Amino acid sequence: MSNFPWLTTIVLLPVFAGCVIPFFPNKGNNLIRWYTLGVCLLEFLLITYVFCYYFKFDDPIIQLKEDYNWIDFLDFHWRLGIDGLSIGLILLTGFITTLATLAAWPVTRNPRLFYFLMLAMYSGQVGLFASQDILLFFFMWELELIPVYLLLCIWGGKRRLYATTKFILYTAGGSIFILMGALTMGFYGSNQLTLDFQNLSNKSYPLELEIILYLGFFIAYAVKLPIFPLHTWLPDTHGEAHYSTCMLLAGILLKMGGYGLIRINMELLPHAHSIFAPWIVAVGAIQIVYAALISFSQRNLKRRIAYSSISHMGFVLIGIGSMTDVGLNGAILQMVSHGLIGAALFFLAGITYDRTRTLFLDQMGGTAIYMPKIFTMFSSFSMASLALPGMSGFVAEFLVFLGIVVSNKYSFNFKILVTIIEAIGIILTPIYLLSMLRQMFYGYKFSKFTTFSNSNMDAGPREIFILVCLIFPIIGIGLYPNSVLSLWNSKVSFILSKFIV
């Protein structure tokens, strides 16, 4: 095992590399773009190298641990480590951020700040998934808000200030609960503050306190995931953000909520999780159908995809609440799968807007004639989103389905009811996605295109490259899901072993 601080390097490289950007010449837009893309690519290759050579997949304990004393009187340490749960999400972060940087190529307004924020976000997200200290986890969670706030505020659409205010109020308001919960857990039972995840997992709390802590953390994750009814910031944020920011939001930011729910609520507060699991399953089932119905009524393309994201996150909740090996594997796979599919759909929505200058579905129609490549890709990713067999979404949703059916925790009637609601959600998904494709691409309605030459309209090589990079893992996971399930399988078994009484 190498003694080199690999994780610290991986976490700090993007933000330190980003600090060089302000010294670039004013007119060096192209230089800034290539530099940022190079940093993202280097970081992704470094993550892949470290995981290939230093990570043992069949070991559920924390690996590559690093522990540096940071603030003495608080016992606040820079504690990093990874296990099966974080590895998939760190790889996803590297992959999506690199593609989002390439997707942001057309951004010309204040590019130095834009690309610096992209790199700062990269560090924050990797840092969150690698944190092994609950206060460091909170620190990274908060750090994440600043780049998103600025990216939305400066490069957003017409209603960006409204969306930004709503985003910061919701997410910062939810974060307070993480800080309060972290300090309560750290101080409980001793005068010495304990913030290390491993030490906290060995603590036991009175059931009443555990329930209060659980609910506090749950509110913070309910905002981030997002969970009905704390989801309303997401469609506004997605509707106004630049599509490269949307890729990061849909691809990685929402997964932080699911990760926190498993890492803290399931691992550290197992008794409370056993009590709340049925409620989580119920909320997940309602969310699938509710968000699908709302999505169907959206005229704005990005808002329709945003509500589709909320609907798909319902499956993550059901998988987490099922408390079975299969269900929890399905929930983590759904997070990775949706990260890829959501990023692709928002990128497609963005490049379609660049060409049509509208996001309203009833103002489109007949665009397939002018944009056959975008039409093909949009159709392919929509099929992935509606869980077509052979694609990652199908495997994830099937595992969640199976997880709730084989669970011994629930009565037969409860399982039947949840399965029926899930099935309704799975029927509604093709309805809103296929109607979206019909409104956009079929018919002869759209007349603005007559001013363009056909050659300028369709996707260029850069855009096709991004979409091809995203479709490969989606089909790869769909055809051979074990390629990623093996990353976190032993960790899932380890988490669930806490629930066997």
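Naming follows an unreviewed UniProt entry, where the chain appears as NAD(P)H-quinone oxidoreductase chain 4, chloroplastic of Physcomitrium patens. According to the UniProt record, the Subcellular location (unreviewed entry) comment for the chain is "Plastid, Chloroplast thylakoid membrane".

Engineer: Would you explain the overall build of the chain in this entry?
Structural biologist: Helix and strand counts for the chain stand at 20 helices and two strands. For 501 residues, the compact-globule estimate of 2.2 N^0.38 gives 23 Å, and the chain sits close to it at 22 Å. In terms of its C-alpha atoms, the chain occupies a principal-axis envelope of roughly 70 × 60 × 40 Å. Here the chain carries 30 positive and 24 negative side-chain charges, and the mean point of each set is 14 Å from the other.

Engineer: Could you clarify how one ought to interpret the UniProt feature "domain: NADH:quinone oxidoreductase/Mrp antiporter transmembrane" (unreviewed entry) in the chain in this entry?
Structural biologist: On the UniProt side, "domain: NADH:quinone oxidoreductase/Mrp antiporter transmembrane" (unreviewed entry) is annotated at positions that read residues 131–413 here. Helix makes up 77% of residues 131–413 and strand 0%, and the two end C-alpha atoms of the span are 40 Å apart.

Engineer: Would you mind showing me how to read the packing of helix α12 (residues 270–296) against helix α13 (residues 301–322) here?
Structural biologist: Relative placement of two packed helices is described by the angle separating their axes and the distance separating the axes. The geometry of α12 relative to α13 is characterised by a closest axis approach of 7 Å and an angle of 160° between their N-to-C directions. For the element pair α12 / α13, the angle class is roughly antiparallel. Here the hand of the crossing between α12 and α13 comes out left-handed. Of the residues belonging to the contact of α12 with α13, the class tally is 17 nonpolar, nine polar and one charged.

Engineer: Whenever I open this one, the packing of aromatic side chains confuses me. Can you help?
Structural biologist: Each pair of aromatic rings is reported with the distance of its centres and the angle of its planes. If you walk through the whole model with that rule in mind, you get 28 aromatic pairs. Ring plane angle 5° and centroid distance 5.1 Å describe the contact between Tyr214 and Phe276, whose orientation is recorded as stacked. Of this pair, Tyr214 sits in helix α9 (residues 207–224) while Phe276 sits in helix α12, and the two are 62 residues apart along the sequence. You'll find Tyr214 and Phe276 in the same group, each marked buried. What links up through ring pairs into an aromatic cluster is the set Phe129, Phe137, Trp141, Phe197, Phe217, Tyr221 and Tyr259. The ring of Trp141 has Lys224 sitting right over it, with the charged end atom 4.8 Å from the ring centre.

Engineer: Just checking my understanding: could you explain the side chain of Lys302 for this structure?
Structural biologist: By the secondary structure assignment, Lys302 is in helix α13. For the buried Lys302, no salt bridge is present, and the opposite-charge side chain at shortest range is Glu240, 7.7 Å distant. Separated by 3.5 Å, the side chain of Lys302 and the backbone oxygen of His238 make a polar contact. Within the structure, the side chain of Lys302 is placed 2.5 Å from the backbone oxygen of Ala241, a separation counted as a polar contact. Those residues in contact with Lys302 that sit more than four places away from it in its chain are His238, Gly239, Ala241, Tyr243, Cys246, Phe346, Ala349 and Leu359.

Engineer: Would you explain the environment of Thr232 in this entry?
Structural biologist: On the secondary structure map, Thr232 appears in the loop between α9 and α10 (233–240). Its relative accessible area of 25% is what places Thr232 among the partly exposed residues. Separated by 66 residues in sequence, Thr232 and Lys166 have C-alpha atoms that sit 8.7 Å apart. Setting aside its immediate chain neighbours within four residues, Thr232 contacts Lys166 and Tyr170. In this structure the side chain of Thr232 is engaged in a polar contact, spanning 2.8 Å, whose partner is the side chain of Tyr170.

Engineer: What is the right way to look at the environment of Leu169 in this model?
Structural biologist: Inspection of the secondary structure puts Leu169 in helix α7 (residues 160–187). A C-alpha to C-alpha distance of 30 Å links Leu169 and Arg357, two positions 188 residues apart in sequence.

Engineer: What should I look at first to understand a nonpolar patch on the surface in this one?
Structural biologist: There is a patch of nonpolar side chains on the surface, built from Phe394, Phe398, Leu402, Val405 and Val406 and spanning about 400 Å² of accessible area. Looking at where Phe394 falls in the secondary structure, it is placed in helix α16 (residues 392–406). According to the relative accessible area criterion, Phe394 is partly exposed, its value standing at 33%.

Engineer: Quick question: what am I supposed to make of the side chain of Arg263 here?
Structural biologist: Secondary-structure assignment places Arg263 in helix α11 (residues 243–268). When residues no more than four places from it in sequence are discounted, the contact partners of Arg263 are Asp83, Leu85, Ser86, Gln132, Phe197, Leu268 and Lys491.

Engineer: What am I meant to see in helix α15 (residues 372–385) here?
Structural biologist: Side chains of residues three or four places apart in an α-helix project in the same direction, reflecting 3.6 residues per turn. Here α15 contains 14 residues, and its C-alpha end-to-end distance of 20 Å stays within 8% of the 20 Å for a straight helix at 1.5 Å per residue. Turning to α15, its buried residues are Ile374, Met377, Phe378, Ser379, Phe381, Ser382, Ala384 and Ser385. Following α15 by one or two positions, Ala387 adopts a phi angle in the positive range, close to 65°.

Engineer: Looking at this structure, I do not really get helix α5 (residues 134–143). What am I missing?
Structural biologist: For α5, the tally of buried residues reaches seven of 10 residues, placing the bulk of the element in the interior. Residues of α5 that are buried include every one of Ile134, Leu135, Leu136, Phe137, Phe138, Met140 and Trp141, and no others. The N-terminus of α5 is capped by Asp133, whose side-chain oxygen sits 2.9 Å from the backbone nitrogen of Leu135.

Engineer: Explain the nonpolar core here, please?
Structural biologist: Considering soluble globular proteins, one finds that nonpolar side chains tend to be buried as a cluster. Counting residues in hydrophobic clusters, the biggest one holds 183 residues, and the most contacted among them are Leu301, Phe378 and Phe381. Excluding residues that lie within four positions of it along the chain, Phe378 makes contacts with Leu301, Ile305, Leu345, Leu348, Ala349, Thr352, Met436, Leu437, Met440 and Phe441.

Engineer: Explain the environment of Ala17 to me, please; I cannot follow it from the model alone.
Structural biologist: Mapped onto the secondary structure, Ala17 falls in helix α1 (residues 6–18). Judged by its relative accessible area of 10%, Ala17 is buried. When the C-alpha atoms of Ala17 and Phe55 are compared, they prove to be 25 Å apart, with 38 residues separating the residues in sequence. Dropping the residues within four chain positions of it, Ala17 is found in contact with Tyr35, Val39 and Leu119.

Parameters and conventions
Residues numbered from 1 in each chain as written. Predicted model: local features only at pLDDT ≥ 70, side-chain atom pairs only at ≥ 80, totals over all residues. Heavy atoms only, no water. UniProt positions renumbered as here; feature names shortened; annotations may be inferred. Helix = DSSP H or I, 4+ residues; strand = E, 2+ residues; numbered from the N terminus. Rg over C-alpha atoms; globule rule 2.2 N^0.38 Å. Lys, Arg positive; Asp, Glu negative; His and termini not counted. Charge placed at Lys NZ, Arg CZ, Asp CG, Glu CD. Axes fitted to C-alpha atoms, helices over the stretch in contact; angles between N-to-C directions. Parallel < 35°, antiparallel > 145°, perpendicular 65-115°, else oblique. Left-handed = near helix turned anticlockwise from the far one by under 90°. Nonpolar A, V, L, I, M, F, W, Y, C, P; charged D, E, K, R; others polar. Phe/Tyr/Trp six-rings, centres within 6.5 Å; stacked < 30°, edge-to-face > 60°. Buried < 20%, exposed > 50% of the residue type's maximum accessible area, 1.4 Å probe, protein only. Lys NZ or Arg CZ within 6 Å of the ring centre and 35° of its normal. Salt bridge = Lys/Arg side-chain N within 4 Å of Asp/Glu carboxyl O. Polar contact = N/O pair within 3.5 Å; in protein donor to acceptor, adjacent residues only side chain to side chain. Contact = heavy atoms within 4.5 Å. Patch = residues over 30% accessible without salt bridge, like charges linked within 9 Å, V, L, I, M, F, W, Y side chains within 5 Å. Areas by Shrake-Rupley, 256 points an atom, 1.4 Å probe, with all protein chains shown as cover. Expected span 1.5 Å × (residues − 1). Core = buried A, V, L, I, M, F, W, Y, C linked by side-chain atoms within 4.5 Å.

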